[in-house]
There are 2 protein chains.
Amino acid sequence: MIDPIIYQDGILRLLDQRRLPTQRVYLECRDYQQVARAIRDMVVRGAPAIGITAALGVCLGAQELPEEDPAFFLQQLQEIIGLMRSTRPTAINLSWALDRMEEICKDEEGLSPPLIKERLWQEALKIWQEEKQINEAIAHWGAGLIKKGDKILTYCNTGTLATGGGLGTALGIIKQAYREGKDPLVMVSETRPYLQGARLTAWELKEEGVPHRLITDNMAGFLMQRGKIDLVLVGADRIALNGDVANKIGTYSLAVLARENQVPFYVAAPTSTVDVRIATGKDIPLEERPAQEVTHLLEQQIAPPGTEAINLAFDITPHHYITAFITEKGIILPSQLRLKLGPQNIN
Amino acid sequence: MIDPIIYQDGILRLLDQRRLPTQRVYLECRDYQQVARAIRDMVVRGAPAIGITAALGVCLGAQELPEEDPAFFLQQLQEIIGLMRSTRPTAINLSWALDRMEEICKDEEGLSPPLIKERLWQEALKIWQEEKQINEAIAHWGAGLIKKGDKILTYCNTGTLATGGGLGTALGIIKQAYREGKDPLVMVSETRPYLQGARLTAWELKEEGVPHRLITDNMAGFLMQRGKIDLVLVGADRIALNGDVANKIGTYSLAVLARENQVPFYVAAPTSTVDVRIATGKDIPLEERPAQEVTHLLEQQIAPPGTEAINLAFDITPHHYITAFITEKGIILPSQLRLKLGPQNIN
């Protein structure tokens, strides 16, 4: 049983994903600054998990605030939410979850600070709970696309670790297919520079007993050429209304290689990943991270001292490479995204 | 000055490429078994360098043999050559260099063992010397394709380290363009699992003072999509007569991504890399290496204990993805390969 986020007695415990798979250690956060740092430093990562953690971080921050002056209380809450927002730029879930928390801080009912704290907790727990239910629905729809014995390429980590305790998105589908007896063989792409595939996905699959093989990212294309991959299943950090997808760097390359080799390429994500304010992928902000993640591997230096590196954490996959989206509302074609999710959600 | 292979006083010193860039250590080989092991264990790697090292290894082996019985001498030489041939399967240069050494062992002139030893040394040194001249010619032709300020993506290591002391093939072109004042900016793809890009190419470019940026292999495609790469320059381990190329795993993916983004994709290699006995890439033997190279990075474990991995060391890039070959005889289109290099070389 993997429990990546635990809240108990005013302490938020985050399974330190930087230290997996060799160590299973929890980082204790006792205030919201620690939570913000944990998100920025990738103690916790994965779009849905970041959203949940940030929401819980706001609750921790609210707990610390004095309750005497309601106006000051609300103003301080805004600052806490602002800090949380600044931690990671690409995943929509972060701002989506914080939008929901902020809605409560508008305090349209004129509640007292203690009641607002209570409402914030309720909302954070609701976000967390909903995520798990959404994972179940995605797994249900996605597993229907898997045939017996399929060899499935997956990328980065989209499992329990990435979704704060649920089944996962893309990886949740694979687990569901395995539970249904479809005997999938999973090709786990290691996902440089941070190795979420090698460290986290391989670990989750081992815990679940799902057969898998680790590959380096540059092997995926040739395995497709040789007919060794039946479908590709990835997650998403943000989806534009036209279906362009921001996801872990390397996703775009896999999508091009999949189309070139007529391998279906599916993106599994909650509908909340669709950013209705953004028309195309060009408008999605993309995070660049420190060069050290490229010049070093974990703690080991792999390039000459002083080597300059580029560290793009995400890329954009244009919609025409995507076979379909697998959401909690069912399978959606990129061309249907605007129709199905756009109008009713636009503010 | 980089000197990857040094022979002196009966000892072959190989710059241990496994320990670069953090340590600059030579491995001393005093017999041919040590040389064979050094090739298999990748102390020395790179198609031309392997050929040179194997030829020198045959010479070391010959030195040890008793000279009394010429028939026994020649028979033992065949066994030494056989061992050298078995070290790595994909690079053609190994068998090409050993074919040249074997030609001498046929001893059509009925020479004495001491004279055969002498002839073997001469041939090995000739192979080594020719390689350097070929590098110069490739660099000359290739640099003509580079425009001022071009951003060049290169892969694996195709420099001095890979060619046993010459300028290099693909990397030699880049160095030449730099010397001609064309101010190239080199994107160095790290080249998992063995990190020849991060460890060796970045090191060579630093030694030469050529500006470069290290990237992970999965960033290359997105950089092309965003117009950050003007051309791709790679080497080759073996080329089929139809122009299909065996090269470091990941080359195929780069070629597909280059074509998708209308980025020219050049393969720089001596014409000896063309295997005239092989019609298409399907017939090129591809090496698989130990899983540990994928589950570990250098000495550091990156996946859970017991994780199974696939470790394909090479892939095949079909000829239609290749813009042109850059050889010592000039620029050759894939469609012209058979015409220009085929008939006169076929045995």
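Only a predicted model underlies this, so the values are computations on that prediction, with no experimental measurement involved. (Residues numbered from 1 in each chain as written. Chains lettered and ligands numbered in written order. Predicted model: local features only at pLDDT ≥ 70, side-chain atom pairs only at ≥ 80, totals over all residues. Heavy atoms only, no water.)

**Topic: the pattern of salt bridges**
Defined as follows: Whenever Lys or Arg places a side-chain nitrogen within 4 Å of a carboxyl oxygen from Asp or Glu, that contact is recorded as a salt bridge. Only DSSP runs of H or I reaching four residues or more are called helices, and only runs of E reaching two or more are called strands; each is numbered from the N terminus. Summary of the burial criterion: residues with accessible area below 20% of their type's maximum are buried, those above 50% are exposed, and those between are partly exposed, where the area comes from a 1.4 Å probe applied to protein chains only.
Across all of its chains, the model carries 50 salt bridges over all chains by this definition. Here arginine 100 of chain B ties to glutamate 123 of chain B by a salt bridge, and the two come within 2.8 Å at their closest N and O atoms. On the criterion of sequence distance, the pair formed by arginine 100 of chain B in helix 4 (residues 92-105) and glutamate 123 of chain B in helix 5 (residues 113-143) is long-range, its members being 23 residues apart. Across this residue pair, the class does not change: arginine 100 of chain B and glutamate 123 of chain B are buried. Salt bridges here are not isolated pairs; linked through shared partners, they connect Arg88, Glu287, Arg289 and Glu293 of chain A.

**Things to note about the relation of the copies chain A and chain B**
As a reminder, the rule being used: We superpose the copies by least squares over the C-alpha atoms of residues that have a pLDDT of at least 70 in both of them. By definition, residues are in contact when any of their heavy atoms lie within 4.5 Å.
Of the transformation placing chain A onto chain B, the axial shift is 0.0 Å and the rotation is 180°, giving an RMSD of 0.0 Å. Taken together, the turn and the small shift mark the pair as related by a two-fold rotation axis. Mapped onto chain B, 100% of the interface residues of chain A are again interface residues, and the two copies thus contact each other with one and the same surface.

**A look at the interface of chain A and chain B**
Quick note on the threshold: N or O atoms within 3.5 Å of each other form a polar contact, as long as, within protein, one can give a hydrogen and the other can take it, and as long as residues adjacent in sequence are counted only when both atoms are side-chain atoms. In this classification, Asp, Glu, Lys and Arg are treated as charged, Ala, Val, Leu, Ile, Met, Phe, Trp, Tyr, Cys and Pro as nonpolar, and every other residue, Gly included, as polar.
Across the boundary between the two partners, chain A contributes 59 residues, which contact 59 residues of chain B. At the boundary of chain A with chain B, the tally comes to six salt bridges. With a shortest N-O distance of 3.6 Å, arginine 213 of chain B and glutamate 308 of chain A are connected by a salt bridge. Here chain A and chain B share 24 residue pairs in polar contact (both at pLDDT 80 or more) between them. Broken down by secondary-structure element, the contributors of at least two residues to the side of chain A that touches chain B are helix 8 (196-208), strand 6 (212-215), helix 9 (220-225), helix 10 (251-260), helix 11 (292-295), strand 12 (300-301) and strand 13 (314-317) of chain A. In terms of residue count, helix 10 of chain A provides more of the side of chain A that touches chain B than any other element does, six residues in total. Among the residues forming the side of chain A that touches chain B, the class breakdown is 32 nonpolar, 15 polar and 12 charged.

**Considering helix 2 (residues 47-64) of chain B**
Operational definition: Multiplying 1.5 Å by the helix residue count minus one yields the expected span of that helix.
Counted at 1.5 Å a residue, the expected span for helix 2 of chain B with its 18 residues is 26 Å, and the 26 Å between its end C-alpha atoms agrees. Of all the 18 residues making up helix 2 of chain B, 16 are buried; the element is thus mostly covered by neighbouring parts of the structure.

**Points about the nonpolar core**
Going by this rule: Nonpolar core, defined: a set of buried Ala, Val, Leu, Ile, Met, Phe, Trp, Tyr and Cys residues in which side-chain atoms within 4.5 Å join the residues together.
Core analysis: the largest hydrophobic core is formed by 140 residues, its most contacted members being Leu233 of chain A together with Leu233 of chain B. Leaving out residues up to four positions away in the same chain, leucine 233 of chain B has contacts with Ile146, Ile152, Leu153, Thr154, Tyr155, Ala170, Ile173, Ile174, Tyr266 and Ile326 of chain B.

**Description of the pairing of strand 7 (residues 231-234) of chain B**
Residue and element names in this part refer to chain B. The cut-off we apply is this: Think of it this way: DSSP has to see at least two bridges between two strands before they count as a pair.
Side-chain alternation along strand 7 places Leu231 and Leu233 on one buried face and Val232 and Val234 on a second face that is also buried. As defined by bridge partners, strand 4 (residues 151-154) adjoins strand 7 across three bridges and the pair is classed as parallel. Counterpart to threonine 154 in the pairing with strand 7 is leucine 233. Two elements, strand 7 and strand 10 (residues 265-268), share three bridges in a ladder whose sense is parallel. Among the inter-strand pairings, valine 234 is bridged to a residue of strand 10, identified as valine 267.

Structural measurements only, silent on function.
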